[in-house]
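Coordinate inspection notes
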Amino acid sequence: MAQLGLTERELHAWRTSFRMVELLRTRIEQQLQASSGLSNADYTVLALLAEAPDRRMRAYELGRVAGWEKSRMHHQLTRMERRGLVVRERCGSRGIDAVLTAEGLAALRKAVPGHAEEVRRLFIDRLTPEELEHFADIAAKILDNLQAAQPPAIT
């Protein structure tokens, strides 16, 4: 029986994909929390800042790269700043930079090995190299469409 205007095959693909993403996110979050006390959102911000020049990035750019709305990034940075993982510094007359602190870098370095091991265990090692490449191509195709179809930002 088709539901939501989808065939059984389409519905199966959608539900399986959705469940996989949700369960994978949950398991990664659990591992990060247990091993390092970081949330997935913390890890995302720390990793992006660690890769940025001078370990700093304009807050709006950080939000854009993470795919988050302005308010989500603001609240995440506030929580992380309270814990000493990042600081916010004025940049120009109106800009704000998010800057990775030494404590934030140490927290990231502590989290990386366990996180990588869990990603490998739950995802990478379940696929052949060819399947992994094919999966990445499919995910990129869907991601490109999602990014192109982003609703305009509400200011």
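Before any of the text, the structure's been laid out above.
In short, a report on the structure. Quantities reported herein were computed from a predicted structural model and do not represent experimental measurements.

1. Describing the sheet that holds strand 1 (residues 56-58)
Read from one edge to the other, the open sheet built from 3 strands follows the order 1-3-2, with strand pairing classed as antiparallel. Of all the strands in the sheet, just strand 1 and strand 2 (86-91) have a single pairing partner and so form its edges. Going across the sheet, the axis of each strand differs from the next one's by a mean of 30°, ignoring polarity. Pairing analysis gives 6 bridges linking strand 2 to strand 3 (residues 95-100), with the strands arranged antiparallel. Along strand 3, the bridge assignment pairs R90 with I96. Lying over the sheet, helix 3 (residues 59-66) contacts strand 1 and strand 3, oriented at roughly 90° with respect to strand 1. Against the sheet, helix 4 (residues 70-82) makes contact with strand 2 and strand 3, and its axis sits at roughly 120° relative to strand 2, the strand it touches most.

2. Overview of the layout of surface pockets
By volume, the second largest pocket amounts to about 170 Å³. In terms of lining, the second largest pocket is formed by M20, L23, L24, R27, L122, F123, R126, L127 and F135. A per-element tally of the lining of the second largest pocket places helix 1 (residues 8-36) first, with 4 residues. Class assignment of the residues belonging to the lining of the second largest pocket gives a composition of 7 nonpolar, no polar and 2 charged.

3. Quick notes on the packing of aromatic side chains
Here the structure, examined in full by the defined rule, presents 2 aromatic pairs. Plain terms: the ring middles of W14 and F18 are 5.5 Å apart, the flat faces sit at 40° to each other, and that makes the pair tilted. Separated by 4 residues within a single helix, W14 and F18 lie in helix 1, roughly one turn from each other. Plain terms: the ring middles of F123 and F135 are 5.2 Å apart, the flat faces sit at 70° to each other, and that makes the pair edge-to-face.

4. Here we look at the packing of helix 1 against helix 5 (residues 102-122)
Axis angle and axis distance: for two packed helices, these are the angle between their axes and the distance between the axes, and together they describe the pair. Their axes nearest at 10 Å, the elements helix 1 and helix 5 cross at an angle of 150°. In terms of orientation, helix 1 and helix 5 fall into the roughly antiparallel class. Note that helix 1 runs across helix 5; the crossing there is right-handed. Every residue of helix 5 that contacts helix 1 at L24, R27, I28, Q31, L32, S35 and S36 is listed here: K110, A111, G114, H115, E118, V119 and L122.

5. A few points about helix 2 (residues 40-51)
Each turn of an α-helix holds 3.6 residues, which means side chains three or four residues apart point in the same direction. With 12 residues, helix 2 extends 17 Å from end C-alpha to end C-alpha; this agrees with the ideal 16 Å at 1.5 Å per step. Of the residues making up helix 2, those classed as buried are A41, D42, Y43, V45, L46, L48 and L49.

6. What to know about helix 3
Residues of helix 3 that are buried: A59, L62 and G63. Along the long axis of helix 3, the arc covered by the buried residues comes to 100°, so they all point the same way. For helix 3, the exposed residues set more than 90 degrees away from the buried face come down to Y60 and R64. Tucked inside the fold, the buried residues of helix 3 contact helix 2, strand 1, helix 4 and strand 3.

7. With respect to a negative patch on the surface
A cluster of acidic residues, E130, E131, E133 and D137, forms a negative patch at the surface. With respect to the element layout, E130 can be found in helix 6 (residues 129-148).

Cut-off values and rules
Residues numbered from 1 in each chain as written. Predicted model: local features only at pLDDT ≥ 70, side-chain atom pairs only at ≥ 80, totals over all residues. Heavy atoms only, no water. Pairing = 2+ DSSP bridges. Helix = DSSP H or I, 4+ residues; strand = E, 2+ residues; numbered from the N terminus. Axes fitted to C-alpha atoms, helices over the stretch in contact; angles between N-to-C directions. Contact = heavy atoms within 4.5 Å. 1 Å grid on protein atoms, 1.4 Å probe; cavity = no way out; pocket = protein on both sides within 12 Å on 5 of 7 lines; lining within 4 Å. Points joined across faces, edges and corners; volume = space filled by probe spheres on them. Nonpolar A, V, L, I, M, F, W, Y, C, P; charged D, E, K, R; others polar. Phe/Tyr/Trp six-rings, centres within 6.5 Å; stacked < 30°, edge-to-face > 60°. Parallel < 35°, antiparallel > 145°, perpendicular 65-115°, else oblique. Left-handed = near helix turned anticlockwise from the far one by under 90°. Expected span 1.5 Å × (residues − 1). Buried < 20%, exposed > 50% of the residue type's maximum accessible area, 1.4 Å probe, protein only. Arc of directions from axis to C-beta. Patch = residues over 30% accessible without salt bridge, like charges linked within 9 Å, V, L, I, M, F, W, Y side chains within 5 Å. Areas by Shrake-Rupley, 256 points an atom, 1.4 Å probe, with all protein chains shown as cover. Salt bridge = Lys/Arg side-chain N within 4 Å of Asp/Glu carboxyl O. Lys, Arg positive; Asp, Glu negative; His and termini not counted. Charge placed at Lys NZ, Arg CZ, Asp CG, Glu CD.

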